[in-house]
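Breakdown of the fold
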Amino acid sequence: MLSIIEQIKQGKLWDFHGGIHPAENKDLSNKSPIVNAGIPQELVLPLKQHIGSKGDIIVAVGDKVQKGQPLTQGDIAMCVPVHAPTSGTITTIEQRTTAHPSGLSDLCIVIAPDQQDTWCDKTTYADYEDRDPAELIDAIRLNGIAGLGGAGFPTARKLQGGLGNVDILIINAAECEPYITADDRLMRDYAEEVIEGVRILRHIISPKLTIIGIEDNKPEAIQALEQHVKEDDNILIRVVPTKYPSGSSKQLVKILTGREVPSQSRSTSVGVIMQNVGTAFAIKRAIIDGEPLIERVVTLTGEAFKERGNVFAMLGTPIAYLLDKFGYKADKKHPRVIIGGSLMGFTLPHSNVPITKMTNCILAPKRKELPLHTYEMACIRCSACADVCPSSLLPQQLQWYAKDQNYEKCEEYNLQDCIECGACAYVCPSEIPLVQYYRQAKAEIWARSQDEINAERARQRFEAKQARMDRDKAERENRFKKAAESRREEMAKTGGDDAVAAAIARVKAKQAAAQNEKPEVKPAVAAAIAAAKAKQAASAQGATSETLPDNSEMAKLREERKRQARERKAEKEAVESTASASSNDSKKDAVAAAIARAKAKKAQQASEQKAPVADSVVENAEVDPKKAAIAAAVARAKAKKEAQQAQSESTSEPVAETEAVDPKKAAVAAAVARAKARKAAQQAEAQSETTPEPVTETEAIDPKKAAVAAAVARAKARKAAQQAEAQSETTSETEAVDPKKAAVAAAVARAKARKAAQQAEVQSETTPEPVAETDDVDPKKAAVAAAVARAKARKAAQQAQAQSETTPEPVAETEAVDPKKAAVAAAVARAKARKAAQQAEEQSVTPEPTAETEAVDPKKAAVAAAVARAKARKAAQQAAKEQQNIEED
């Protein structure tokens, strides 16, 4: 029986399962020789243009590069470097869309050519027959050569795997897919270089037989190759029938050798290694000429191109550049640009995609030339796809499982053996895009397998780490154990137990001695320290006495202001609560009257207690006159404030009494409260009258200024009294519609009037005294001032009497409880007012002899005049208050 090699030499061919015969359409592009596409304005070079890992970038943005200069590097066989297709400048390194069915972007190096096309230094191997195959394989890898048939498998890695394992070398020149003529024109135009590349491959692999498999639809290429093959080359050119996909690796091996590659295996497993025609040409350029893979032959075809043919295009050339240069005219309704052939190609998302090492064709068909798929229909189970599958698979079953995402079943039905030739989709009557389902399922299976690999690697690393940590722990424990045993042995030999105890005792003794010891101090040093401390204490005392002022009086005044503010706030709250309490019943009124009486008693007691304190302050003021005056003023202010509180509490009762159910009880309670309030006011007045004399004796500033200040104070007092009278008159006149509301408003107005009068009183009592003290130059002026004061007192008394006669009438009209009682109350009030006026006149008349008799001593005369004026004002105010209280009743 003849061997396989003998059968091949005798011209025997085999066949594979399935296959189709689509329209070739190769005449569109194989009639003209290969031309150069030129240098574009920009080159975009993806780092990964092959199957495997990408290399490390060894250039930077802004670097000047030359033609053929490597841009990346890698130390593994599956990593192929990328070279600069021409000289220029690197403008950017960024993500760009690449020629891939997913349309995803990848990291790319962008070069701006300088149009000089300057080469870098070349490394050639013209004597390759004398070189070691390993050296040539490394040179092929460094020149960036990968499979140019479309798969992109690194050539150096494939050659390495075939060393010593193969006996047949097959050069794939079938180029079975429609439209593509790149290999056809390459064999026609560069047959000699192709054959030289085959010789280099034969030298590296040393096969028993070399076969160039080519389809019978390329007679010109067959003739060109036969012209350059020699008898001693041991190269056979085998013409195979045209059938798609006879150019696939497994199918071509089956046709030429009859050997069938096992599932998920490569051709090297059956002793065969296969290389493409374009790869052989690139190997020749790299080894003989020293040119790395920087350009390739690309077919430009389709009716949308005006100039169709094959071109040498630099890697990284934008497809848009080729479309513009060769007259691409897009279809109006459905413009399409396809990378690859009509069966295995894929449509680009846009034309700004670069040429890579795996790009062999750019197809730009029109709608009539290559109809679009309308829509997917249901499978009719015709089994046409299974009949044409070159890998003997079950496409319809795979499609169902892929659509259902049952990837375990897909692997069970050998999905990985699918070569994605597209024959099944080509014959499917339901127009199901079967290849798209298979590609998606393959990608998902690959991603899951990578996850499993990564998980297994992580598990192994974790287990290795745990084992290392356990090992280190065990070694550490053993070390400690051995060290402890050695120490125990040494102590046992030398009595180390007693030595350790003695050492511990010595350390404790040293610590105790250090605590008990006190540092010795020399006598001279101790004396110096004591002297320094004494000086420091003396200086601190002196600085304290000199720098710290006596702020006790200011603190007292500050506390007094705070207390007055609190009292004003309490008074305001009492007025508001009185107004809101007007709607309560008679029991609440009685309670309010009782509270007012209790407060009046408390104010009286407080004033009695503070009177001696004020006297003592005056007596002690002999040492410092200023402090005595301040203390007297503080005492008077406190007495006046307490009197005001008592009066405000007594006046708040009538407001609530106006709405009482029993007028008699309310009137009795109000009368009692007023009597107590008057008593408290008289006591406060007595305290205030006793304090001014010592103060006035100590003050002497400027007679003129004091007289001016007294005049200003008297004017303010008159103005305040007039305002109070006007408010009381308007209040009594405007009370009408509602007696209760009118009474409340009148009470509020009277309270404000009293407050204004009291403020005027404070100013009038404090201001005139210095005038009396300082008018000691002329006794006559003091007498005249006293007469004027008496006249003013009489006038104030008359005004108060007139108010008492005119005011009660409107109030009596509004209070319609009992007219007889109101008339009686008015008469009593007028009688009291007259009596108060008479008392005021008597008090104002009595000082006249004093002024006459005391002409000898002007100071005493001035003091007496001031006292008389104060008493006259006080009597007038009391008369006005009594009249107001009668009106409220």
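The structure contained in this document is the topic of the report that follows. Numbering of residues begins from 1 in every chain and follows the order in which that chain's sequence is written. Confidence filtering applies because this is a predicted model: local features only for residues at pLDDT of at least 70, side-chain atom pairs given and counted only at 80 or more, and all residues used for totals across whole chains, interfaces and linings. Neither water nor hydrogens contribute to the side-chain values; these are computed over all heavy atoms in the structure.

The next subject is the overall build of the chain. We count a stretch as a helix when DSSP gives it H or I for four or more residues in a row; a strand needs E for two or more, and each element gets its number in order from the N terminus. The number of helices and strands found in the chain is 29 helices and 16 strands. Throughout, exposure labels follow a simple rule: accessible area from a 1.4 Å probe, protein chains only, divided by the maximum for the residue type, with under 20% read as buried, over 50% as exposed, and the rest as partly exposed. For the chain, the residues scored as buried account for 43% of the 889 residues in total. Contact between two residues is taken to exist if any of their heavy atoms lie within 4.5 Å; hydrogens are not considered. The contacts in the chain between residues at least 6 apart in sequence include a share of 76% that link residues at least 24 apart. Here, Shrake-Rupley sampling with a 1.4 Å probe gives the accessible areas, and only protein chains in the shown set may cover a residue. Just so you have it, the chain exposes about 47500 Å², and 53% of that area is on carbon and sulfur atoms.

Grouped together as the largest cluster of nonpolar side chains are 59 residues, with contacts concentrated most on L71, I111, L159, I204, I212, L225 and I287. In this structure, L225 is in contact with M187, A191, V194, I195, I212 and I237, ignoring residues within four places of it in sequence. Joining through side-chain atoms within 4.5 Å is the link that ties buried Ala, Val, Leu, Ile, Met, Phe, Trp, Tyr and Cys residues into a set, and such a set is a nonpolar core.

Patch rule: a residue counts if its relative accessible area is over 30% and it has no salt bridge; like charges are joined within 9 Å, and nonpolar side chains (Val, Leu, Ile, Met, Phe, Trp, Tyr) within 5 Å. Salt bridge, as used here, is a side-chain nitrogen of Lys or Arg placed within 4 Å of a carboxyl oxygen of Asp or Glu. By the counting rule applied here, Lys and Arg register as positive and Asp and Glu as negative, while His and the ends of each chain are not counted. Here the site of a charge means atom NZ of a Lys, CZ of an Arg, CG of an Asp or CD of a Glu. On the surface, a cluster of positive charge is contributed by R308, K329, K332 and K366. Following the sequence through the fold, K329 ends up in the loop between helix 9 (319-325) and strand 14 (338-339). In this structure K329 comes out as exposed when scored by relative accessible area, which is 60%.

Moving on to the packing of helix 11 (residues 395-403) against helix 14 (residues 434-494). Lines fitted to C-alpha atoms define the axes here, with helix axes fitted over just the stretch in contact, and angles between the N-to-C directions of these axes take values from 0 to 180 degrees. Running from amino to carboxyl end, helix 11 crosses helix 14 at an angle of 55°, the nearest separation of the two axes being 9 Å. Taken as axis vectors, helix 11 and helix 14 run oblique relative to one another. As helix 11 runs across helix 14, the sense of the crossing is left-handed. Where helix 11 abuts helix 14, its residues P395, Q396, L398, Q399, A402 and K403 lie against L434, Y437, Y438 and A441. In these notes the angle categories are as follows: under 35 degrees is roughly parallel, over 145 is roughly antiparallel, 65 to 115 is roughly perpendicular, and the rest is oblique. The crossing is said to be left-handed when, going from far helix to near helix, the turn is anticlockwise and less than a right angle, and right-handed when the turn is clockwise.

So, on to the pairing of strand 12 (residues 295-301). Strand residues, when the strand is regular, have side chains that alternate between the two faces of the sheet. Counting buried positions along strand 12 gives six out of seven residues, so the element sits mostly inside the fold. In this analysis, strands are considered paired if DSSP registers two or more bridges between them. With six bridges joining them, strand 12 and strand 13 (residues 309-314) adopt antiparallel strand pairing. Of the residues in strand 13, the one forming a bridge with R296 is A313. Looking at chain direction, strand 12 and strand 16 (residues 361-363) are connected through three bridges and run parallel. For L300, the partnering residue across the bridge sits in strand 16 and is I362.

Ordered by their spatial adjacency, four strands build an open sheet running 10-9-8-11, and the pairing between neighbours is parallel. Looking at which strands have only one partner, the edges of the open sheet turn out to be strand 10 (235-240) and strand 11 (272-276). Going from strand to strand, the sheet's axes swing by 25° on average, the running direction of each strand aside. Examined bridge by bridge, strand 8 (residues 168-172) and strand 11 share five bridges and lie parallel to one another. The residue of strand 11 that forms the bridge with I171 is Q275.

So, on to the packing of aromatic side chains. In summary, the pairing rule links any two rings of Phe, Tyr or Trp, Trp by its six-membered ring, whose centres are within 6.5 Å, and it sorts them by plane angle into stacked for under 30 degrees, edge-to-face for over 60 and tilted for everything else. The final tally for this structure, using the stated rule, is five aromatic pairs. Residues Y190 and F312 carry aromatic rings whose centres are separated by 5.6 Å and whose planes lie at 75° to one another, so their mutual orientation is edge-to-face. Here Y190 is found in the loop between helix 4 (182-189) and helix 5 (191-205), whereas its partner F312 is found in strand 13, with 122 residues between them in sequence. For Y190, a relative accessible area of 23% gives the class partly exposed. An aromatic cluster of three or more residues is present, and its members are Y190, F281 and F312. Look at NZ for Lys and CZ for Arg. If either is within 6 Å of the ring centre and within 35 degrees of the ring normal, a charge sits over the ring. The ring of W119 is capped by K122, whose NZ or CZ atom sits 4.1 Å from the centre of that ring. The ring of F16 has K243 lying over it, and the distance from NZ or CZ to the ring centre is 4.4 Å.

On to helix 2 (residues 133-142), then. Along helix 2, the positions that sit buried rather than exposed are L136, I137, A139, I140 and R141. Residues of helix 2 that are buried make contact with helix 3 (155-162), helix 5 and helix 8 (277-287). The definition of a polar contact used here is a pair of N or O atoms within 3.5 Å, where within protein one atom must be able to donate a hydrogen and the other to accept one, and adjacent residues in sequence count solely through side-chain atom pairs. Its side-chain oxygen 3.1 Å from the backbone nitrogen of A134, D132 forms the N-cap of helix 2. G144 sits one or two residues past helix 2 and shows a positive phi near 70°.

On to the pattern of salt bridges. Under the counting rule described, the total for this entry stands at 31 salt bridges. A salt bridge links E94 to R96; the nearest nitrogen and oxygen atoms lie 2.7 Å apart. E94 sits in the partly exposed class, given a relative accessible area of 30%. Between E196 and R199 there is a salt bridge, with its nearest N and O atoms 2.9 Å apart. In this pair, E196 and R199 both sit in helix 5, three residues apart, roughly one turn of the helix. You can call R199 buried: its relative accessible area is 17%.

This part takes up the side chain of E215. Mapped onto the fold, E215 is located in strand 9 (residues 209-215). Classification of E215 as buried rests on a relative accessible area of 0%. Within the structure, the side chain of E215 is placed 3.5 Å from the backbone nitrogen of K243, a separation counted as a polar contact. If we ignore the near neighbours within four places in the chain, the residues touching E215 are A173, A174, E175, C176, I222, V239, V240, P241, T242, K243 and S246.

What follows is about the sheet that holds strand 15 (residues 346-347). With mixed pairing, the six strands of this open sheet are ordered in space as 1-13-12-16-14-15. Only two strands of the sheet have a single partner each, and these edge strands are strand 1 (35-36) and strand 15. Two elements, strand 1 and strand 13, share two bridges in a ladder whose sense is parallel. Bridging across to strand 13, N36 finds its partner in F312.

The next subject is the packing of helix 5 against helix 8. At a minimum axis distance of 7 Å, the contact between helix 5 and helix 8 shows a crossing angle of 80°. As far as their axial angle goes, helix 8 and helix 5 are roughly perpendicular. Seen from helix 5, the contacting residues are E193, V194, E196, G197, V198, I200 and L201; seen from helix 8, they are V277, A280, F281, I283, K284, R285 and I287. Here the nonpolar group is Ala, Val, Leu, Ile, Met, Phe, Trp, Tyr, Cys and Pro; Asp, Glu, Lys and Arg are the charged ones; every other residue, Gly included, is treated as polar. Partitioning the contact of helix 5 with helix 8 into residue classes produces nine nonpolar, one polar and four charged.

Right, let's get into a negative patch on the surface. Taken together, E408, E411, D451 and E452 make up a surface patch of like negative charges. The set of elements that each furnish at least two residues to the negative patch consists of helix 12 (407-412) and helix 14. Mapped onto the elements of the fold, D451 is located in helix 14.

As a further point, take unusual backbone geometry. Geometrically, the link from Y244 to P245 is a cis peptide bond, its omega value of 5° lying close to zero. Structurally, the position occupied by P245 is in the loop between strand 10 and helix 7 (249-257). In the Ramachandran plot, Q264 falls in the positive-phi region, its phi being about 55° despite a non-glycine side chain. By secondary structure assignment, the location of Q264 is in the loop between helix 7 and strand 11. Accessibility expressed as a relative area gives 56% for Q264, which makes it exposed. For Q405, which is not glycine, the phi torsion reads 60° and is therefore positive. Looking at the secondary structure, you find Q405 in the loop between helix 11 and helix 12.

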